[in-house]
Amino acid sequence: MTGVLDARSRDASLQALAAGPLDVLVIGGGITGAGAALDAASRGLRVGLVESRDLAAGTSSRSSKLIHGGLRYLEQGDFKLVREALRERDLLVSRLAPHLVRPVPFLYPLYKKVVERPYIGAGLVLYDAMEGVKRPVPHHRHLTTRGALRRAPALRADRLAGAMVYYDAQVDDARYTVTVARTAARFGAVVVTRASATSLLRDGSRVTGAVVQDEETGRSFDVHASRVIVCAGVWSDLVHSASGVRAGYQVRMSKGVHLVMPRSAIDADTGMIVRTSKSVLFFIPWETRWIVGTTDTDWTGDRSEPAATPEDVDYILGQANRVLAKPLTRADVLAVYAGLRPLVAEAEGAAGEKPTTKLSREHVVDTPLPGLASIAGGKFTTYRLMARDVVDAAVADLPGGVPASVTGQLPLLGADGLPAVRASAGRLAAHYGVPVEKAAHLIARYGSLAIEVLDLIRGEKLLAQPLLDGHPYLRAEVAYAVTHEGALHVEDVLARRVRLLIESSDAGASAAPEVVAIMAGLLGWNRRRRATELRRYLEFAAANAAALSAPAVMTEAPTEIPVPA
Ligand SMILES: Cc1cc2nc3c(=O)[nH]c(=O)nc-3n(C[C@H](O)[C@H](O)[C@H](O)COP(=O)(O)OP(=O)(O)OC[C@H]3O[C@@H](n4cnc5c(N)ncnc54)[C@H](O)[C@@H]3O)c2cc1C
C-alpha cells in the first residue's frame, strides 16, 4: 500500500478487483469518486474504483480550477453552500493539500460608486465572516480607482469607480484528483482506469457489485461488492438506466467553456471577476497564462468531449472586452476547453424548467436500491463532504458498523513535510544535480513527492530535460505519470498529468512524439503501437483546437460596462 498507481501493474489490479469481494465498489474516477474511494478506504474498508477513461477525464479536469466559496452563490442566498465551501477551502489550503491548493487574489472592479461599493463590500464582509476562525487567506480590501488601475492596468479607466480585492484559492483539478486517488490507494483502494461498469449485479433487489469491462481488451468480468457507489457525474443516468434503476434525482448538463491566453495578453497582477448579464466572468492567473471564463448553457450532446463552439469563444471575448482597455481577439487565445456541470434538478420532473445558472450547486445523495448509493451535483471544492455523505449513506447498514469519516484529518500524499521540502529546494537540487528552479518546479507541483520524481532523474539523467521548449515540464514527469500516476495513454499525460493540452498553442501536439518515446520505453510499445498512440493523440489535439480554427467572427468593440444587477 504505497500510494503508487503504476500503469505497468494494471493487470494485477484488475485481478484484485475480480478476486473480490469488496466492501465498496466506486463507479467513476472524477473528484467525487476518488474522494469516495479515499473516504471509504480510510475508514478501513476494502475498496475498488473503476473509471471508464482516465482519472479526471470527465468534468474534473475541465473546471475553472477554483477552490472557492462562490461569491455569486452568496447573492443567490445559498448561504449553507458558501459557508461549507469556504470552510473546505481553508482546510485544503492550510492542512490537507497546501502543496496543491493555493490562495489567489481577485479584483472586483466597481462601476457605480454609490450603490455598488456598499453592496459588494457587505457581501465580502459576509464572505470573510463565513470562514473558520483561523484564516489561511487574507481579508478583502477596498481599492481606489487609482489603486485598481495599479493592480490591473488592463482595465478600462472610464467609469471605473474603484475596486475590491478578495481571496479565494486555485488548484490543478486533474492533478488534485489523481492525488486523491493515489491517497486512496495508499489506504488499500484498488484503482483501475479504462474499466467501465456496464451493469449492476443483483441478488433480488439488492445490488451486489457490477459487471466491469476492461476497455483496453474488451474483456468483461464480475466485481462483487457489499456496496456500490455511483459517482459518474453527467453519466449517472446512463449508469442507472443500464441496470433499470430509477434514481431519485435527475442530472442536467450545463456546458462551461474557458479560454487560455498568455499572461502578456492582459496586464494585471491579480485575478479578476466581473459581472455579466447572466453570471460572472473570471480572469484566473494560471502560471504564465490566463484562464478566462466561463459560460453556462444547456448541453444534450456528447458527454465525453463536449465541444466549444466559435460562438462560445466570441461570447467570452466579448464579455472580457467590456472591461478591458485593449480588446482581446482570437489571436490572443492559445487554447479553449469545455466541461459539463452535473447539475441536479431540485425535484423529479423539474429538469428543463430553470435556466442552468439558477440550478443549485448542492449535491444530492440517493439510495435507490439496497446496496446502492448514488451522488451527483456539488462542486469540486466540496468533494470531501460529498464523499463523506455518500459513503455514510452506502455503509449505514453494513453489518458490524463502520467508523466515521476521517478525511478531515487526513493530508493528501505530498502534503507531509512540505515546509521542510520547500526550504530544502537548493539542497535537493544540488543532491540530484538539477538546477534549483527545476527542483522548485517539481516541489510546486508534487509537494514532498517531488523527491520521487527526482529519484527517476537520478536513474536517467536525460529525464531532467524539458519536455517541450518554453514550458516548465520535465521529461521525468512523463515517466512519473506512468510509473506512479497510472497514465496509460498519451492523452492521459498531455491532457491531465501535465497540462499542455490547454497550455500550448498546438494542444500539446509537438510534445506528443517525445511522450510516446518515453511511454513506449516503460510500457513496451512496439512500432505499430507507437504510431497508433501518436495518431490518436494528434487527432484528439486537432479536435480540441477546432473551435479556434473555425471562421472568425468579429469581436465587437466594448460598448457597455457591466453594472450590478
Ligand atoms: C466549466 C466548469 C467550471 C467549474 N468550475 C468549478 C470551480 O472553479 N470550482 C468548483 O468547486 N467546482 C467547479 N466546477 C464543478 C466541478 O468541476 C464538478 O462538480 C466536479 O468536477 C464533478 O466531479 P465528478 O467526479 O462528480 O464528475 P466527473 O469528473 O465527470 O467524473 C465522473 C467520472 O465517471 C466516469 N464514468 C462514467 N460512467 C462510468 C462507468 N459506467 N464506469 C466507470 N466510470 C464511469 C467518467 O468517465 C468520469 O470520469 C466546474 C464545472 C464546470 C463544468
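One can find the structure itself at the top, above this paragraph.
What comes next is a walk through the structure. (Residues numbered from 1 in each chain as written. Predicted model: local features only at pLDDT ≥ 70, side-chain atom pairs only at ≥ 80, totals over all residues. Heavy atoms only, no water.)

**Here's the deal with the overall build of the chain**
- Counting secondary structure elements, the chain contains 20 helices and 18 strands.
- For a compact globule of 565 residues, the expected C-alpha radius of gyration is about 24 Å, and the chain comes in at 23 Å, within 12% of that figure.
- Projected onto its principal axes, the C-alpha coordinates of the chain cover approximately 70 × 55 × 50 Å.
- Looking at the 565 residues of the chain, the share that counts as buried comes to 61%.
- Put simply, 74% of the contacts in the chain that link residues at least 6 apart link residues at least 24 apart.
- Accessible surface computed for the chain: about 21,600 Å², of which carbon and sulfur atoms make up 55%. (Helix = DSSP H or I, 4+ residues; strand = E, 2+ residues; numbered from the N terminus. Rg over C-alpha atoms; globule rule 2.2 N^0.38 Å. Buried < 20%, exposed > 50% of the residue type's maximum accessible area, 1.4 Å probe, protein only. Contact = heavy atoms within 4.5 Å. Areas by Shrake-Rupley, 256 points an atom, 1.4 Å probe, with all protein chains shown as cover.)

**A look at empty space enclosed by the protein**
- For the structure on display, the rule yields five cavities of 30 Å³ or more.
- H99, L100, R175, T179, R182, L413, R445, Y446, L449 and E485 together form the lining of the largest cavity.
- Of all the secondary-structure elements, those providing two or more residues to the lining of the largest cavity are α7 (173-186) and α13 (436-446).
- Residue contributions to the lining of the largest cavity peak at three residues, all from α7.
- A class-by-class count of the residues in the lining of the largest cavity yields four nonpolar, two polar and four charged. (1 Å grid on protein atoms, 1.4 Å probe; cavity = no way out; pocket = protein on both sides within 12 Å on 5 of 7 lines; lining within 4 Å. Points joined across faces, edges and corners; volume = space filled by probe spheres on them. Nonpolar A, V, L, I, M, F, W, Y, C, P; charged D, E, K, R; others polar.)

**Points about helix α12 (residues 425-432)**
- Looking at α12, one finds that the buried residues are A425, L428, A429 and Y432. Buried residues of α12 fall within an arc of 100 degrees about the axis and therefore sit on the same side. Facing away from the buried side of α12, by more than 90 degrees, are the exposed residues R427, A430 and H431.
- Those residues of α12 hidden inside the fold are in contact with α11 (418-423), α13 and α14 (450-459).
- Positive phi shows up at G433, right after α12, with a value of about 70 degrees. (Arc of directions from axis to C-beta.)

**Thoughts on the environment of L160**
- Tracing the backbone through its elements, the reader meets L160 in the loop between α6 (145-151) and β6 (163-170).
- Linking L160 and A444, residues 284 residues apart in sequence, is a C-alpha distance of 36 Å.
- If we skip the residues at most four places from it in the chain, L160 touches P109, L110, Y111, T145, A148, L149 and L155.

**Observations concerning helix α10 (residues 383-395)**
- With 13 residues, α10 extends 18 Å between its outermost C-alpha atoms, agreeing within 8% with the 18 Å of an ideal straight helix rising 1.5 Å per residue.
- Burial in α10 covers these residues: Y383, R384, L385, M386, A387, V390, V391, A394 and V395. (Expected span 1.5 Å × (residues − 1).)

**A closer look at the environment of L343**
- Tracing the sequence through the fold places L343 in strand β16 (residues 335-344).
- For the pair L343 and E362, spaced 19 residues apart in sequence, the C-alpha to C-alpha distance is 8.3 Å.

**Focus on the packing of helix α4 (residues 79-96) against α10**
- In the contact formed by α4 and α10, the axes pass within 9 Å of each other and the chain directions differ by 105 degrees. One finds that α4 runs roughly perpendicular with respect to α10. Across the interface between the two elements, E84, E88, L91, L92 and L96 of α4 pack against Y383, R384 and L385 of α10. (Axes fitted to C-alpha atoms, helices over the stretch in contact; angles between N-to-C directions. Parallel < 35°, antiparallel > 145°, perpendicular 65-115°, else oblique.)

**Focus on the site of the ligand**
- Of all residues adjacent to the ligand, which total 36 residues, the nearest are T32, E51, S60, L66 and T381.
- Contacts to the ligand include T59, whose backbone N or O atom sits 3.0 Å from an oxygen atom.
- Within the backbone of F380, a nitrogen or oxygen atom sits 3.0 Å from an oxygen atom of the ligand.
- Broken down by class, the residue content of the shell around the ligand amounts to 12 nonpolar, 19 polar and five charged. (Near = heavy atom within 4 Å. Polar contact = N/O pair within 3.5 Å; in protein donor to acceptor, adjacent residues only side chain to side chain.)

**A closer look at the nonpolar core**
- If you look at the biggest cluster of nonpolar residues, it comprises 78 residues, and the most contacted ones within it are I457, L467, V490 and L494.
- Counting residues in each nonpolar core, the second largest holds 47 residues, with V24, L38, A97 and V171 among its members. (Core = buried A, V, L, I, M, F, W, Y, C linked by side-chain atoms within 4.5 Å.)

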